[in-house]
Each structure stands twice: as structure tokens, then as C-alpha cells.
Amino acid sequence: MKWLIGSFLIGLGALAGLYSLILGPLPERSGTQLELDGLGAEVQVLYDERGIPSIHAQSEDDAYRALGFIQAQHRLFHMDLNRRLGCGRLAEIFGERAVGVDSYFRTLGIREFARTK
């Protein structure tokens, strides 16, 4: 019974730590200027207080290209984050504060299980 309660508390702590790790390092969304090949004119992307992008472009083609770029950035980040989480390698990008989460997920053996399937 003590083992079950301990495992539950460790899991709950790991989830709380993961939650703070994901929300803590949100990307900077102001003052950044990027060069994107294929645009016909300047495109401006503004984020509201909830992180929802608003695209201002002079043509539909430019707006669609900017939208695809934004979606790819966010999707790539999530894919990489999930891969690192499953392997127990979050500390590589988040530092020492992620070691506990990494230890927990390495204990679960998700990476080894995925290799056998």
C-alpha cells in the first residue's frame, strides 16, 4: 500500500514538474523578425494575450505561407518535446530542473518498450 501511494505521489510530482517545464519556456513572440523565402511582401504575425496568432499579409499566398511556417514551428517543438520526454532526455534542453522528470520516465522504460515493437 505504501508503494502504491509513493508511486502515485511521484507520478503526480512528475506531472506537476512537466507542466511547469512546458509552460515556463514558451517562445518569445514579440520583437522577432524572420526571413522566409517565397514571400511576395512583408508579413506581420501578431500574437494576442492567449498566444493566438493573427497574420497580416498583402496576399493570400503570403498569408498561407506564413500560416504553414507558424504551424510547422509549433508542431516541430511538440514532436521534439514528446520524443525527449519519452526517452527521459528533457534535462538536455531544460537543465537540471528536469532531471526528476527524466528519472521517472526512464524508470517507466517507454523507450525500451518502443524499440521492441
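What you are looking at is a predicted structure, and each value in this text was computed from that prediction instead of being measured.

Rules used throughout
Here, residues in each chain are numbered from 1, in the same order as that chain's written sequence. At least 70 in pLDDT is required for a residue's local features to be given in this predicted model, at least 80 for side-chain atom pairs to be given and counted, and no such filter applies to totals for whole chains, interfaces and linings, which use all residues. Side-chain calculation: all heavy atoms of the structure are included, whereas hydrogens and water are not. We count a stretch as a helix when DSSP gives it H or I for four or more residues in a row; a strand needs E for two or more, and each element gets its number in order from the N terminus. Three exposure classes are used, based on accessible area relative to the maximum for each residue type with a 1.4 Å probe and protein chains only: buried under 20%, partly exposed in between, and exposed over 50%. Here a residue-residue contact requires only that any non-hydrogen atoms of the pair lie within 4.5 Å. For every accessible area listed, the method is Shrake-Rupley and the probe measures 1.4 Å; residues are considered covered only by the protein chains on display. Positive: Lys, Arg. Negative: Asp, Glu. His and the chain ends are not part of the count. The rule for a salt bridge is simple: a side-chain nitrogen of Lys or Arg has to be within 4 Å of a carboxyl oxygen of Asp or Glu. Stacked, tilted and edge-to-face are the three classes assigned to paired rings of Phe, Tyr and Trp, where Trp is represented by its six-membered ring and a pair needs centres within 6.5 Å; plane angles under 30 degrees give stacked, over 60 edge-to-face, the rest tilted. Take the buried residues of types Ala, Val, Leu, Ile, Met, Phe, Trp, Tyr and Cys, join any two whose side-chain atoms come within 4.5 Å, and each joined set is a nonpolar core. In this scheme, strands are said to pair when DSSP sees at least two bridges between them. For patch detection, residues must exceed 30% relative accessible area and be free of salt bridges, and they are connected within 9 Å for like charges or within 5 Å for nonpolar side chains (Val, Leu, Ile, Met, Phe, Trp, Tyr).

Caption draft 1: Structural context of the overall build of the protein. Of the regular secondary structure elements, the protein holds five helices and two strands. Going residue by residue from the N terminus, the α and β elements of the protein occur as α-β-β-α-α-α-α. Among the 117 residues that make up the protein, the fraction classed as buried is 19%. Expressed as a percentage of contacts within the protein between residues at least 6 apart in sequence, the contacts between residues at least 24 apart total 38%. Split by element, the accessible area of the protein, about 9,200 Å² in all, is 58% carbon and sulfur.

Caption draft 2: How the structure looks around the side chain of Asp 102. Turning to its location among the elements, Asp 102 is positioned in helix α4 (residues 99–108). Despite being buried, Asp 102 has no salt bridge partner; Arg 106 is the closest side chain of opposite charge, sitting 5.4 Å away. Once residues lying within four places of it in the same chain are set aside, the contact partners of Asp 102 are Gly 88, Arg 89, Leu 90 and Ala 91.

Caption draft 3: Structural view of the packing of aromatic side chains. Applying the stated rule across the entire model yields one aromatic pair. On the basis of an interplanar angle of 90° and a centroid distance of 5.5 Å, the ring pair of Tyr 104 and Phe 105 is categorised as edge-to-face. Judged by relative accessible area, Tyr 104 falls into the partly exposed class, the value being 25%. Judged by relative accessible area, Phe 105 falls into the buried class, the value being 13%.

Caption draft 4: Up close: the pattern of salt bridges. With the rule as written, the count across this model stands at four salt bridges. The salt bridge involving Glu 92 is made with Arg 84; its shortest N-O contact spans 2.8 Å. Two residues, Arg 89 and Glu 92, come together in a salt bridge whose shortest N-O distance is 2.8 Å. A relative accessible area of 23% means that Arg 89 is categorised as partly exposed. Connected through shared salt-bridge partners, Asp 80, Arg 83, Arg 84, Arg 89 and Glu 92 make up one network.

Caption draft 5: Structural context of the nonpolar core. If you look at the biggest cluster of nonpolar residues, it comprises seven residues: Leu 81, Leu 85, Leu 90, Phe 94, Ala 98, Val 101 and Phe 105. Those elements that provide at least two residues to this core are α2 (60–87) and α4. Non-local contacts of Phe 105, meaning those with residues more than four positions away in its chain, are made with Leu 85, Gly 88 and Ile 110.

Caption draft 6: Structural context of the pairing of strand β2 (residues 53–56). Of the pairings in the sheet, the one linking strand β1 (residues 44–47) to β2 comprises four bridges and is antiparallel in character. Within β2, the residue paired with Tyr 47 across the bridge is Pro 53.

Caption draft 7: A look at the environment of Asp 62. Tracing the sequence through the fold places Asp 62 in helix α2. Take Asp 62: its relative accessible area is 5%, and that puts it in the buried class. Taking the C-alpha atoms as reference points, Asp 62 and Glu 42, 20 residues apart in sequence, are found 8.4 Å from one another.

Caption draft 8: Representation of a nonpolar patch on the surface. Judged by side-chain polarity, Met 1, Trp 3, Leu 4 and Ile 5 come together as a nonpolar surface patch covering roughly 560 Å² of accessible area. Assignment of secondary structure puts Trp 3 in helix α1 (residues 2–23).

Interpretation in functional terms is not warranted from these geometric data alone.
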